[in-house]
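Chains, contacts and geometry: an overview
The primary structure of each chain is shown beneath.
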Amino acid sequence: MKARNLIDLDDFSMEELDEIVTLAGDIIKNPKNYAHACDGKILATVFYEPSTRTQMSFQTAMLRLGGSIIGIDNPAGSSITKGENLKDTIKIIGGYADIIVMRTALEGAAKAGSIYSKCPIINAGDGGHLHPTQTLTDVTTLSFELGRLDNITIGLCGDLKYGRTVHSLVKCMVKYKNNKFVFISTPELTIPDYIREILDEYGCEYSFVDNLNDAIPELDVLYMTRIQRERFETQEAYEKQKGIFVLDTEKLKNARSDLKILHPLPRVDEITDEVDYDPRAIYFKQAVYGMYARMALIMKMLENSEGYEPTRVYSNSELKCKNPKCVTVLEPYLPTLVIEKDGKHVCEYCDKTIG
Ligand code: NCD
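Residues numbered from 1 in each chain as written. Predicted model: local features only at pLDDT ≥ 70, side-chain atom pairs only at ≥ 80, totals over all residues. Heavy atoms only, no water.

**Brief notes about the overall build of the protein**
Within the protein one finds 12 helices and 12 strands. Computed over the C-alpha atoms, the radius of gyration of the protein is 20 Å, within 12% of the 20 Å expected from 2.2 N^0.38 for a compact globule of 355 residues. With respect to the three principal axes, the spread of C-alpha positions in the protein is 55 × 55 × 40 Å. Here the protein, with 355 residues, has 55% of them falling under the buried criterion. For the protein, restricting intrachain contacts to residue pairs at least 6 apart in sequence, the fraction spanning at least 24 positions comes to 71%. As displayed, the protein has an accessible area near 15800 Å², and 49% of this comes from carbon and sulfur atoms. (Helix = DSSP H or I, 4+ residues; strand = E, 2+ residues; numbered from the N terminus. Rg over C-alpha atoms; globule rule 2.2 N^0.38 Å. Buried < 20%, exposed > 50% of the residue type's maximum accessible area, 1.4 Å probe, protein only. Contact = heavy atoms within 4.5 Å. Areas by Shrake-Rupley, 256 points an atom, 1.4 Å probe, with all protein chains shown as cover.)

**Here we look at the domain arrangement of the protein**
Per the domain assignment, the segments making up the protein are domain 1 (9-127 + 289-302), domain 2 (132-280) and domain 3 (317-355). Here the C-alpha centroids of domain 1 and domain 2 sit 25 Å apart. Contacts between the two partners involve 25 residues from domain 1, matched on the other side by 21 residues from domain 2. Counting the surface lost from both domain 1 and domain 2, the interface buries some 2000 Å², and carbon and sulfur atoms represent 62% of this. Inspection of the domain 1/domain 2 interface yields four salt bridges. We note a salt bridge from Glu49 to Arg231, for which the minimum N-O separation is 2.9 Å. Run the count over domain 1 and domain 2 and you get eight residue pairs in polar contact (both at pLDDT 80 or more). When contributions to the side of domain 1 that touches domain 2 are tallied by element, the ones reaching two or more residues are α1 (14-29), α2 (53-64), β3 (99-104), β4 (121-126) and α11 (283-302). For the side of domain 1 that touches domain 2, a count of residues per class yields 12 nonpolar, seven polar and six charged. (Domains from an automatic or database assignment. Buried area = accessible area lost by both parts, 1.4 Å probe. Salt bridge = Lys/Arg side-chain N within 4 Å of Asp/Glu carboxyl O. Polar contact = N/O pair within 3.5 Å; in protein donor to acceptor, adjacent residues only side chain to side chain. Nonpolar A, V, L, I, M, F, W, Y, C, P; charged D, E, K, R; others polar.)

**Considering the packing of aromatic side chains**
Tallying each qualifying case throughout the model produces nine aromatic pairs. Pairing Phe232 with Tyr238 gives two aromatic rings, centres 5.8 Å apart and planes at 65 degrees, and the pair type is edge-to-face. Tyr238 shares its class with Phe232; the two are buried. Judged by centre distance (5.3 Å) and plane angle (65 degrees), the rings of Tyr283 and Phe284 are edge-to-face. (Phe/Tyr/Trp six-rings, centres within 6.5 Å; stacked < 30°, edge-to-face > 60°.)

**Focus on the site of the ligand**
All residues in the neighbourhood of the ligand are listed as Arg53, Thr54, Arg103, His131, Gln134, Arg164, Thr165, Arg226, Gln228, Pro264, Leu265 and Pro266. Within the contact set of the ligand, an oxygen atom lies 2.7 Å away from a side-chain nitrogen or oxygen of Arg164. Leu265 is positioned such that a nitrogen or oxygen atom in its backbone is 2.9 Å from a nitrogen atom of the ligand. When the free accessible area of the ligand is taken as 320 Å², the share hidden by the protein chains comes to 94%. Looking at the shell around the ligand, the elements that each hand over two or more residues are α2 and α6 (164-173). (Near = heavy atom within 4 Å.)

**Focus: the pattern of salt bridges**
Within the structure shown, the criterion is met by 25 salt bridges. Across the pair Asp220 and Arg256 runs a salt bridge whose closest N-O atoms are separated by 3.5 Å. One end of the pair, Asp220, is in the loop between α8 (212-215) and β8 (221-224); the other, Arg256, is in the loop between α10 (249-252) and β9 (260-262), and 36 residues separate them in sequence. Note that Glu303 and Lys300 form a salt bridge whose closest N and O atoms lie 3.7 Å from each other. Overlapping salt bridges bring together Asp8, Asp10, Lys171 and Lys175 as one network.

Structure follows, in structure tokens:
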């Protein structure tokens with residue numbers, strides 16, 4: 001795999017994705033063979049938003065490969081609080097590390113970072129936008145636990161608007177044959193328009209339902225998510241949405257015996273604790289697969305990363321993105337990158353339509 005970033009899973013071909021999943025499988029079987037795969041390499045975790053699994057699984061992944069780790073997990077402890085911008089921070093860290101894993105609350109921030117980094121960047125979540133390595137985790141879990149990535153009826157439940165794991169997962173699963181999507185949410189928290197457009201582009205079958213009981217019997221996979229409290233404008237708006245979809249043992253009585261229940265975690269109240277004892281619940285296993293998937297990813301990304309150079313990027317439009325959560329709003333020096341899609345102007349950082 002040649003040197004590059006992972007901002008969106010689309011950055012990798014399906015063959016490359018398959019290679020990573022296969023490698024993850026081999027690491028699970030023969031961990032000792034990989035204990036020195038990244039000797040002498042340094043991974044930096046730059047996390048401006050809370051994280052348990054993503055950050056620690058990346059860190060343990062690198063340590064298990066023989067590499068070392070550095071990082072920021074609290075902006076208050078870094079020069080960001082002195083007013084340093086993202087560009088300078090990433091330029092500096094890119095000079096210290098061999099690979100950067102980055103999480104921020106700003107949509108498009110990992111893409112912005114990749115313009116300036118001297119080493120490859122992995123997007124570990126950019127606001128409510130994307131989370132490609134969670135999808136890598138999900139795909140690895142499904143490959144080994146369900147045995148296929150196609151012909152799946154997958155229900156996604158909860159916060160489909162702000163849930164970045166949902167966006168990345170749908171963008172990936174549309175590429176496999178005959179996958180059907182059932183979106184289970186309130187109308188307020190349904191998928192963003194650009195995700196719906198992608199489903200149409202791939203000609204996928206999908207439906208919207210507002211009742212988990214109705215949806216459950218037909219599902220092969222149920223992907224539960226928490227309501228993303230931190231992304232709401234007001235606490236009141238969040239209160240209205242929380243606690244609506246709760247998976248419990250009663251609802252599972254109507255589900256298939258081979259259903260796979262996934263959740264990127266953390267769980268708040270959307271899955272009751274008793275469900276954890278149901279063999280169909282594989283979300284804790286999923287988190288472990290995440291570490292192996294990330295080991296495989298780091299290895300692949302470091303394979304040819306010597307001589308990595310950021311691509312020089314120039315503004316291609318006078319238009320300014322109006323999404324208040326877009327990185328270009330808070331980091332105004334960034335080149336404006338706009339693409340035309342179906343007669344609309346779309347911001348390349350956050351995927352929102354401009355104007
Ligand atoms: C998810 C995230 O950060 O988007 N967590 C994770 O990485 N496993 C899901 C969430 O926070 O709800």
